[in-house]
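# Observations on the model geometry
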Amino acid sequence: MSSTMELKMHKEERNIVKDDRKMIVSLKNLNVYYGNFHAVDNVNLNLEKNKVTALIGPSGCGKSTVLRSINRMNELLPETRVTGEILFDGVNINNPKIDAVAVRRRIGMVFQKPNPFPKSIYENISWGAKINGYKGDMDELVEKSLRKAALWEEVKDKLKQSAMRLSGGQQQRLCIARTIAVEPEIILMDEPASALDPIATARIEELIYELKKNYTIAIVTHNMHQAGRISDYTSFLLINEDRKGHLVEYGVTDDLFLNPKDIRTEEYISGKFG
Amino acid sequence: MTEINIAWYKIRPKYHESIITWFLQFCAGVSILVTLGIVFILGKESLLFFREVSIVEFLTSTKWQPLIEEFGVLPLLNSTLTTSFIAMAIAAPLGLFVAIYLSEYASERVRNILKPILEILAGIPTVVYGYFALTFMTPLLRIIFGQNTVDIYNTASAGLVMGILILPLVTSITEDALKAVPYSLREASYGLGATKLEASWTVVVPAAFSGIAAAFILGLSRAIGETMIVALAAGAGPNFTFNPFEAAETLTGYIVRISGGDISYNTVDYNSIFALGLLLFFITLILNIISRKLVKRFQEVYD
Amino acid sequence: MSNFKENVETRYKISNLWNVVFTTATVISVFMLILLLLNIINGAFGYVAIKNTIEPTELINSGNLDELNEIQLIELLESHLSRGLIRRFNFEKPLKERSNTELMNLIFERIIEPRIVKSWNLKESILEKNSILHYAEKELPGAHIQFRAWLNSNFLIGSQASIPELAGIRTAILGSLMIILLTITFAFPIGVGAAIYLEEYSVDNMFSRFVQVNIYNLSGVPSIIYGLLGLAVFVRGMEPLTSGAMFGYGDPTTTNGRTVLAAGMTLALLILPIIIINAQEALRAVPQTMRQASYGIGATKWQTIWTHVLPHSMDRIMTGTILAVSRAIGETAPIVVIGASTFISVDPSNIFSKFTTLPIQIYQWTSRPQPEFRNIAAAAILVLLILLLAMNGFAIFTRNKISNNRRSN
């Protein structure tokens, strides 16, 4: 914490965001190792409440790994080690004493490929709520979640049908609805539209715009234009010569795209590599 | 002259290849011959049998006593089902639990130790399990339940040991089914705040349901066709009983006992073992077909 | 938020409970294997009480046969044994030409005739040694207690006998080996040929699909059904061939076709589907690029298969075959059905001989009520298991090595 680099980062952050209390998640000196491989090197990043933060960068830069650290999904892979602080509401959740299962209910996740359970649409939504001890009216929760995910009108007559029979775009919105149903505060999205066609992608983007009224969203995307369209903040990650992923630049999306401070950011967003 | 030579060279390799192709096709055809052979032999001898014995009597009578010309299959079938269901009562839960442990819980290292152990268990000849049933399981049962309750030969002992015999089979097919469930479903469950048990038990297991069902049915089919354990431990002599502690001969046990002696051809006894064989063949064939259908359906979902 | 009850703690409790269940189930499975093996070892070793039929002291006051000269020894033999037996011994080798040691051995085997009157298994021998000795002293006067490994060299090289302590399994081992050789000879070429046809030649038509489904179904047919097939087709239907009568081998005792040949063919049919399925998997693992490269040079289909595809997949095919063959070695039911001779002391000399196999002997001995037969059954099981373990271990080891090599490439 004492290095000058650290201080500089903090100063920059202060320039961008005036009110520190809005930060719902702060990553401090996040490092991720897969066995001996150092995948993510010293990332510092904040998620602001009710905003969309995009993580962009070429493939293999560790952006998904950073995202998956936030709700401790990385520890499911064998021999994975995450160091540094992940402050969530001021509590460091990267701590074996903090229960990962409890964390994941409050920090939900939507994956790259739509992965509905091979159950009915209704059960897909109710499953998470049920295991998490939901006591309210389940029908109401299912409808509410599907409405929030803009899927209700399309599926309200076939809730008993298998979710596997929905289209890819519908499946992904179902996965979002499923995540919303357990009432998380943060939704992490790992390239949620990369497996979808342009029309389905557009619907997901609209949905994200709607969702940020109630949720804080972090989204990993390959697509710079998508980041530009939907995010409030953008962070740009890159791998260095040692193949470690690190944060190059972090800022308000418009600033980062129009006036990148780092030459590598500029090159990346102008399409020179990636 | 040269033209003929060219033509000669053109033809020879084709000739050579077609003989090989013909031979390979014959090899593939042998398996069909085997099936036809089984169906023909079982069918032919059964026809001779059913000329002497009515099918109705065969399927409904509760007495199998060739000496007084009573040929009711029910006592044999009943003890076959008793031993098989006892076996499944052991192998199904145990196999499912071991498979869940191997596929969801065990580390790579533990799995590398356990898998060969299960393969060893699967490679032990069934006659050895028969010895185990007779010299270990039966005395154990007699100690637990009393000498007077448990006969020296009984279906419970045979069934329990048969459960151990089919355990590796059920485990390995169930584990394959669980492994075939995409990792993304487990991720989705964890992302919603599931514990490992919740992810395994309420997402992965239901998702692999048809594969697991296929494993159980195949296990049942193996148990029904299993011979040496019942021949050694279940007792000789048909007995229509629902008491697993009594001796009762199974379909396979009867076939082995009768054919083991010097059986003379063209007798009802000789024909009867083929009729029983035919019944056994149909039961296991139907179970195997159902099992394969289930596996196929399961594979189609995740391909 | 309010709709969710904090329940993580309970859920973890349930989760841990089931974790214990899963682990226990696994431990039980491993325990079963250990129990099975221990049970066999338990039967194959232990104390025996040996009692002489005639005590040496009844033959000579001092009880020491060494004191007797050749003539006295022959007298002893002649006075205690039937005349017919003496004539047979003389026919084998005149008693007068035999050395003292030979004569004494004969007296030992035929007159003193030590017999096992009671046996204990290993567990009892270790845990209850004192009460065994005590029991023997009280109930078995004149018997002496000795620790016996039922699996010993005499057991391995001895031939059949009706007395358990004299019985051996040489005949059974030879029978098993001969049958297996025949089984491989039939099943391997046909099985691999069928696999090559299905993987390399067949187009996706009715015939090939039918063959494929048929093979899967055959692999699930209970082995006893193959026994019935073998009984009807090979033993009964092809009797002139399988008994050897067709070739002038008309051994009067085997003209019924219950021969090594019939058993070998039956087992070949039994493992054929397994060999085909394994070989198909092996062929499927050969990369398509290898075939294309060969065709690209102008090779014919068969040249491609013979020089590239088969050599590349042979290790896997062999592994699959070993696993199938080890299944055949342990098969009992079909061999019983086609009618293995249960008591033969003559080694099988050719494929038209009567035979017995290791599993048959185990089955026979286990089903006898006398405990000593259980002991030799256990010893025979040990031999069978060691044989199988060596084969299976070799196959699994090779397979793991192959898959490791493939992965590192």
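Everything numeric in this text was worked out from a predicted model, so none of it was measured.

## Some words on the overall build of chain A
Looking only at helices and strands, chain A features eleven helices and ten strands. Here the C-alpha atoms of chain A give a radius of gyration of 19 Å, agreeing with the 19 Å that 2.2 N^0.38 yields for 274 residues. Split into buried and exposed, the 274 residues of chain A put 47% on the buried side. For chain A, contacts bridging at least 24 residues in sequence account for 68% of all contacts bridging at least 6.

## Topic: the overall build of chain C
Broken down by element type, chain C carries 18 helices and three strands. Rg of the C-alpha trace for chain C: 30 Å, well past the compact-globule value of 22 Å for 409 residues, more than 25% over. Projected onto its principal axes, the C-alpha positions of chain C cover 95 × 80 × 40 Å. Across the 409 residues that make up chain C, the buried fraction comes to 40%. In chain C, once contacts between residues fewer than 6 apart in sequence are set aside, the share between residues at least 24 apart is 76%.

## Examining the interface of chain C and chain A
Counting from both sides, the interface comprises six residues of chain C and, opposite them, nine residues of chain A. Considered class by class, the residues forming the side of chain C that touches chain A number three nonpolar, two polar and one charged.

## Remarks on helix α9 (residues 209-225) of chain B
Here α9 of chain B is 17 residues long and its end C-alpha atoms lie 24 Å apart, about the 24 Å a rise of 1.5 Å per residue gives. Taking burial as the measure, the 17 residues of α9 of chain B include 14 buried ones, the bulk of the element.

## Thoughts on the domain arrangement of chain C
When its domains are assigned, chain C resolves into domain 1 (48-148) and domain 2 (170-408). For domain 1 of chain C versus domain 2 of chain C, the distance between C-alpha centres works out to 45 Å.

## Some details on the packing of helix α3 (residues 74-105) of chain B against helix α6 (residues 155-180) of chain B
Residues and elements named next belong to chain B. Following both chains from N to C, one finds α3 and α6 inclined at 35°, their axes separated by 5 Å at the closest point. The chirality of how α3 crosses α6 is right-handed. A class-by-class count of the residues in the contact of α3 with α6 yields 21 nonpolar, ten polar and three charged.

## Regarding the nonpolar core
With 272 residues, the main nonpolar core has Val161 and Ile229 of chain B together with Leu228, Ile271, Ala380 and Ile381 of chain C as its most contacted residues. It is helix α13 (residues 260-284) of chain C that contributes the most residues to this core, 18 residues altogether. Of all hydrophobic cores here, the second largest spans five residues; its members include Tyr47, Val48, Ala49 and Ala136 of chain C.

## Structural notes on unusual backbone geometry
All names here are of chain A. Positive phi is not limited to glycine here, since Asn50 has a value of about 55°. If you trace the backbone, Asn50 turns up in the loop between β2 (37-48) and β3 (52-56). For Asn50, a count of 15 C-beta atoms within 10 Å translates into the label partly exposed.

## Let's talk about the packing of helix α14 (residues 288-297) of chain C against helix α15 (residues 301-330) of chain C
Helices that pack against each other are described as a pair by the angle of their axes relative to one another and the distance between those axes. All names here are of chain C. The interhelical angle for the contact between α14 and α15, taken along N-to-C directions, is 160°, at an axis separation of 10 Å. Classed by the angle they form, the pair α14 and α15 counts as roughly antiparallel. α15 is crossed by α14, and the crossing has right-handed handedness. Along the contact surface, α14 presents Met290, Arg291, Ser294 and Tyr295, while α15 presents Thr304, His308, Val309 and His312. Looking at the contact of α14 with α15 residue by residue, the class counts come to three nonpolar, four polar and one charged.

## Considerations on the interface of chain B and chain C
Where interface size is given, it is often the accessible area lost as the parts come together that is meant. Every contact between the two is made by 69 residues of chain B and, on the other side, 71 residues of chain C. When residues of the side of chain B that touches chain C are assigned to their parent elements, the largest contribution, 19 residues, is made by helix α1 (residues 2-52) of chain B.

## Details of the sheet that holds strand β3 (residues 144-149) of chain C
All names here are of chain C. Strand order across the open sheet formed by three strands is β2-β1-β3, with antiparallel pairing between neighbours. Only two strands of the sheet have a single neighbouring strand rather than two, namely β2 (114-119) and β3. Pairs of neighbouring strands in the sheet enclose a mean axial angle of 45°, with direction left out of account. With six bridges connecting them, strand β1 (residues 45-52) and β3 associate as antiparallel partners. By the bridge assignment for β3, Phe45 is matched with Ala149.

## Brief notes about the environment of Gln146 of chain C
Residue and element names in this part refer to chain C. Among the structural elements, Gln146 can be located in strand β3. Judged by the 11 C-beta atoms lying within 10 Å of it, Gln146 falls in the exposed class. Separated by twelve residues in the primary sequence, Gln146 and Gly158 have C-alpha atoms spaced 21 Å apart.

## Quick word on the pairing of strand β1 (residues 23-34) of chain A
Residues and elements named next belong to chain A. Sheet topology note: the β1/β2 ladder contains eight bridges and is antiparallel. From the neighbouring strand, Leu30 faces β2, where its bridge partner is Val43. Count of turn residues in the β1/β2 antiparallel hairpin: two residues, of which Gly35 carries a positive phi of about 60°.

## Considerations on the confidence of the model for chain A
Residues and elements named next belong to chain A. Averaged over every residue, the pLDDT of chain A is 87; the share at 70 or more is 92%. Across chain A, strand β8 (residues 216-220) holds the top mean pLDDT of 95, while helix α1 (residues 4-16) sits lowest at 45. Scored below 50 in pLDDT, residues 1-18 shows seven contacts in the model against residues more than four places distant or in partner chains.

## Focus: the environment of Ala136 of chain C
Residues and elements named next belong to chain C. With respect to the element layout, Ala136 can be found in helix α7 (residues 129-139). Considering only alpha carbons, one finds Ala136 and Ala49, 87 residues apart in sequence, at a separation of 7.3 Å. Filtering out sequence-adjacent residues up to four positions away, Ala136 remains in contact with Ala49, Ala143 and Ile145.

## As for the confidence of the model for chain C
Residue and element names in this part refer to chain C. Mean pLDDT for chain C: 86, with 95% of residues reaching 70 or above. Taking the mean pLDDT of every element in chain C, the minimum, 77, falls on helix α2 (residues 56-59) and the maximum, 94, on α13. Quick note on the complex model: pTM equals 0.86, ipTM equals 0.91.

## Describing the environment of Met314 of chain C
The residue Met314 of chain C is located in helix α15 in this model. When the 13 C-beta atoms within 10 Å are taken as the criterion, Met314 of chain C is described as partly exposed.

Each value, and the rule that gives it
Residues numbered from 1 in each chain as written. Chains lettered and ligands numbered in written order. Predicted model: local features only at pLDDT ≥ 70, side-chain atom pairs only at ≥ 80, totals over all residues. Helix = DSSP H or I, 4+ residues; strand = E, 2+ residues; numbered from the N terminus. Rg over C-alpha atoms; globule rule 2.2 N^0.38 Å. Buried ≥ 20, exposed ≤ 12 C-beta atoms within 10 Å, placed from the backbone. Contact = placed C-beta atoms within 7 Å. Nonpolar A, V, L, I, M, F, W, Y, C, P; charged D, E, K, R; others polar. Expected span 1.5 Å × (residues − 1). Domains from an automatic or database assignment. Axes fitted to C-alpha atoms, helices over the stretch in contact; angles between N-to-C directions. Left-handed = near helix turned anticlockwise from the far one by under 90°. Core = buried A, V, L, I, M, F, W, Y, C linked by C-beta atoms within 7 Å. Parallel < 35°, antiparallel > 145°, perpendicular 65-115°, else oblique. Pairing = 2+ DSSP bridges. pLDDT = per-residue confidence, 0-100.

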